[in-house]
Amino acid sequence: MTESAHPPRVSEILAGIAAQEHETVSVSDVTHAFGDRAFGALMFVFAAPLALPMPPGVSAVLGAPLLFITVQWMIGRNHLWLPGVIANRTMSRSDYVGLMGKLTPYLAWLERRLRRRITILYGPIINRLTGLFCVILATIVFLPIPFGNMLPSFAIAAFALGLAERDGLAALIGWASGLISIGILALLWNGILAAAIAFFGVVSGNLDWLMGLFS
């Protein structure tokens, strides 16, 4: 395939949606614009903002559709289906343009480095394994873990761009960053659990001491 025959980049399609003269932009608008590349595109749209510092609660709003999309990728659906509650969700055109303004410089930088390579990582079986891994990451993103959703979101965004452009290197980056994020979460969870056990141990000891005073 020659460079001139390369399909439109994700950033070009997103910019085209922003240029439309509509008051709002819906999830279904994005889905229709990307056609058979909707899986990768919508995964990126929902995951990429969460890889940046965002106000509390945003992860729950964006994480729910992200979880729905990754589950469909995992089970091997060829075409993305979204229920009306997700497909009809809208944002104002000005908010969409503002969001794209933040993402586009990073996306354009990444796209200049993306190309078709190591496409074996997008075979049917590996696709399902990757989908399962993204479901796990999307579940982490959905949970209210302070600063715990940025690296998993980055991993999903890497998988998404790789899927849209069939770039296996992006998939490898997704696997690496996703595994690191799970490892960090496991370490933090062990620390939180150990601190909780120590705290309740101190409280229990103090209660025993107090009970001894009044016995």
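Quick note: structure is the one above.
The rules behind these values
Residues numbered from 1 in each chain as written. Predicted model: local features only at pLDDT ≥ 70, side-chain atom pairs only at ≥ 80, totals over all residues. Heavy atoms only, no water. Helix = DSSP H or I, 4+ residues; strand = E, 2+ residues; numbered from the N terminus. Buried < 20%, exposed > 50% of the residue type's maximum accessible area, 1.4 Å probe, protein only. Contact = heavy atoms within 4.5 Å. Axes fitted to C-alpha atoms, helices over the stretch in contact; angles between N-to-C directions. Parallel < 35°, antiparallel > 145°, perpendicular 65-115°, else oblique. Left-handed = near helix turned anticlockwise from the far one by under 90°. Nonpolar A, V, L, I, M, F, W, Y, C, P; charged D, E, K, R; others polar. Salt bridge = Lys/Arg side-chain N within 4 Å of Asp/Glu carboxyl O.

Draft legend 1. How the structure looks around the side chain of Ser-26. Its location among the elements puts Ser-26 in strand E1 (residues 24-26). The class of Ser-26 is buried, set by a relative accessible area of 10%. Not counting the four nearest positions on each side in its chain, Ser-26 is found in contact with Ala-87, Arg-89 and Thr-90.

Draft legend 2. Unusual backbone geometry, seen in detail. Of note, the phi angle at Ile-118 is positive, near 45 degrees, even though the residue is not glycine. Here Ile-118 lies in the loop between helix H6 (93-111) and helix H7 (124-142). Within the chain, Arg-166 stands out as a residue other than glycine whose phi angle is a positive 55 degrees. With respect to the helices, strands and loops of the structure, Arg-166 is situated in the loop between helix H8 (150-165) and helix H9 (168-213).

Draft legend 3. Quick peek at the packing of helix H1 (residues 10-19) against H6. At a closest axis distance of 9 Å, the pairing of H1 and H6 adopts a crossing angle of 160 degrees. For the element pair H1 / H6, the angle class is roughly antiparallel. Crossing angle aside, the handedness with which H1 passes H6 is left-handed. Taking contact as the criterion, the partners of Val-10, Ser-11, Leu-14, Ile-17, Ala-18 and Ala-19 in H1 are, on H6, Arg-93, Tyr-96, Val-97, Met-100, Leu-107 and Glu-111. Along the lines of polarity and charge, the residues of the contact of H1 with H6 split into 9 nonpolar, 1 polar and 2 charged.

Draft legend 4. Focus on the pattern of salt bridges. Tallying each qualifying case throughout the model produces 1 salt bridge. Between Asp-167 and Arg-117 there is a salt bridge whose closest N-O contact spans 2.8 Å. Here Asp-167 is found in the loop between H8 and H9, whereas its partner Arg-117 is found in the loop between H6 and H7, with 50 residues between them in sequence. You'll find Asp-167 and Arg-117 in the same group, each marked buried.

By themselves, these are just geometric observations and shouldn't be taken as functional.
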